[in-house]
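# Structure at a glance
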Amino acid sequence: MILTRRVSSSFPQFVGFAKRSFKSCKLPGDPSSSPSLTHGIHVFHCPDDVGIVAKLSECIASRGGNILGADVFVPEKKNVFYSRSEFVFDPVKWPRKQIDEDFLKLSKMFSATRSVVRVPDLDAKFKIAVLASKQDHCLVDLLHSWQEGRLPFEITCVISNHDRGPNTHVMRFLERNNIPYHYLHTTEENKREEEILELVLNTDFLVLARYMQAFDAGVKLIGATSHFVTEELDSGPIIEQMVERVSHRDNLQSFVQKSENLERQCLAKALRHYCELRVLPYEENRTVVF
């Protein structure tokens with residue numbers, strides 16, 4: 001399973017791979033229950049220093065915001081600081097533009113490598129394109145999860161090297177929801193990469209949904225991995241992994257069913273993590289996942 005993250009207006013960077021909804025934080029008596037309050041997320045990556053958490057808290061509190069939860073990771077002997085905060089605020093008292101300006105000041109104060117704010121109710125949803133192979137299970141699950149509002153993004157198009165018939169479930173779904181389907185016949189000599197890049201220019205990232213099997217190898221554990229894509233096959237930083245035990249009692253049908261279930265769950269979870277700003281790069285080939 002693979003994903004592409006856009007890093008410029010003209011060329012997307014390929015990324016490969018393979019908590020809860022903020023609304024769930026609303027409890028009786030919780031400040032987040034107020035209809036006038038909006039949820040925000042902030043992630044921070046900078047050199048470690050004294051007082052970072054205090055300054056982050058002060059930034060939010062000084063504008064009348066309230067922190068719902070915060071995760072901090074400071075790896076031993078690395079002199080680096082990672083954090084992710086969820087908070088609520090009144091957008092009248094703390095306008096969206098001012099939020100960016102306030103956190104930018106902190107970013108400069110601590111020479112941050114990364115400081116990103118996202119307000120799901122006010123910011124545009126991420127736009128994704130899906131690159132799918134012949135197998136439908138991850139694609140179908142992704143489409144239905146998107147339709148039910150369980151995944152926080154918009155799907156701009158589906159691209160595939162498989163020519164799906166007009167009366168298939170996938171094609172009917174895409175037509176009903178006005179999602180373009182682009183069939184690109186590929187060969188070893190021509191991967192149609194330039195055409196793919198043209199089709200995904202206006203997306204934030206690209207998801208590649210596919211799978212491999214190991215039934216004939218007699219494995220006892222099967223798994224699915226979601227990871228960022230690098231030039232080297234299946235070697236990008238890992239976002240999520242899931243495993244399940246199999247045995248000699250599994251036949252090909254049950255083996256495939258278990259594999260597909262893992263892949264669907266792993267892909268969906270990795271996408272939610274990415275869209276909710278839970279994934280940060282760590283060292284050369286690792287990730288911090290809050």
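The structure presented is a predicted model; accordingly, all values stated were derived computationally and were not measured. (Residues numbered from 1 in each chain as written. Predicted model: local features only at pLDDT ≥ 70, side-chain atom pairs only at ≥ 80, totals over all residues. Heavy atoms only, no water.)

### Focus: the side chain of Arg164
Structurally, Arg164 can be placed in the loop between strand S8 (153-160) and helix H4 (169-176). From its side chain, Arg164 meets the backbone oxygen of Ser133 in a polar contact 2.6 Å long. In this structure, Arg164 is in contact with Ala132, Ser133, Lys134, Gln135, Asp136, Leu139, Val170, Met171 and Tyr181, ignoring residues within four places of it in sequence. (Helix = DSSP H or I, 4+ residues; strand = E, 2+ residues; numbered from the N terminus. Polar contact = N/O pair within 3.5 Å; in protein donor to acceptor, adjacent residues only side chain to side chain. Contact = heavy atoms within 4.5 Å.)

### Points about the packing of aromatic side chains
Inspection of every chain in the model, using the stated rule, returns 14 aromatic pairs. With a centroid separation of 6.4 Å and 85° between ring planes, the pair formed by Phe44 and Phe110 is classed as edge-to-face. Pair noted here: Phe44 is in strand S3 (residues 38-47) and Phe110 is in the loop between helix H2 (96-109) and strand S6 (114-118), with a separation of 66 residues, a long-range link. Like Phe110, Phe44 is buried. (Phe/Tyr/Trp six-rings, centres within 6.5 Å; stacked < 30°, edge-to-face > 60°. Buried < 20%, exposed > 50% of the residue type's maximum accessible area, 1.4 Å probe, protein only.)

### So, the confidence of the model for the protein chain
In the predicted model, the protein chain carries a mean pLDDT of 84, and the fraction of residues at 70 or more is 85%. Here residues 4-28 is modelled with pLDDT under 50, and outside its nearest four sequence neighbours on either side it reaches 89 contacts, counting other chains as well. (pLDDT = per-residue confidence, 0-100.)

### Section: the nonpolar core
Membership of the largest hydrophobic core comes to 30 residues, with the highest contact counts inside it found for Leu143, Phe153, Ile155, Val158, Leu174 and Phe205. Sorting the residues of this core by element identifies strand S7 (126-132), helix H3 (137-147), S8, H4, strand S10 (205-209) and helix H6 (252-275) as the ones contributing at least two each. Beyond its immediate sequence surroundings of up to four residues, Phe153 is in contact with Lys125, Phe126, Ile128, Leu142, Trp146, Leu271 and Cys275. (Core = buried A, V, L, I, M, F, W, Y, C linked by side-chain atoms within 4.5 Å.)

### Points about H2
In a regular helix each residue adds 1.5 Å, so 14 residues correspond to 20 Å; H2 covers 21 Å between its end C-alpha atoms and thus fits that length. Considered for burial, the residues of H2 that qualify are Arg96, Ile99, Asp102, Phe103, Leu106 and Ser107. Angular distribution of buried residues about the axis of H2 spans 145°; they occupy a single face of the element. Opposite the buried face of H2, by more than 90 degrees, sit the exposed residues Lys97, Lys105 and Lys108. Once H2 finishes, Ser111 follows within two positions and takes phi at roughly 50°, a positive value. (Expected span 1.5 Å × (residues − 1). Arc of directions from axis to C-beta.)

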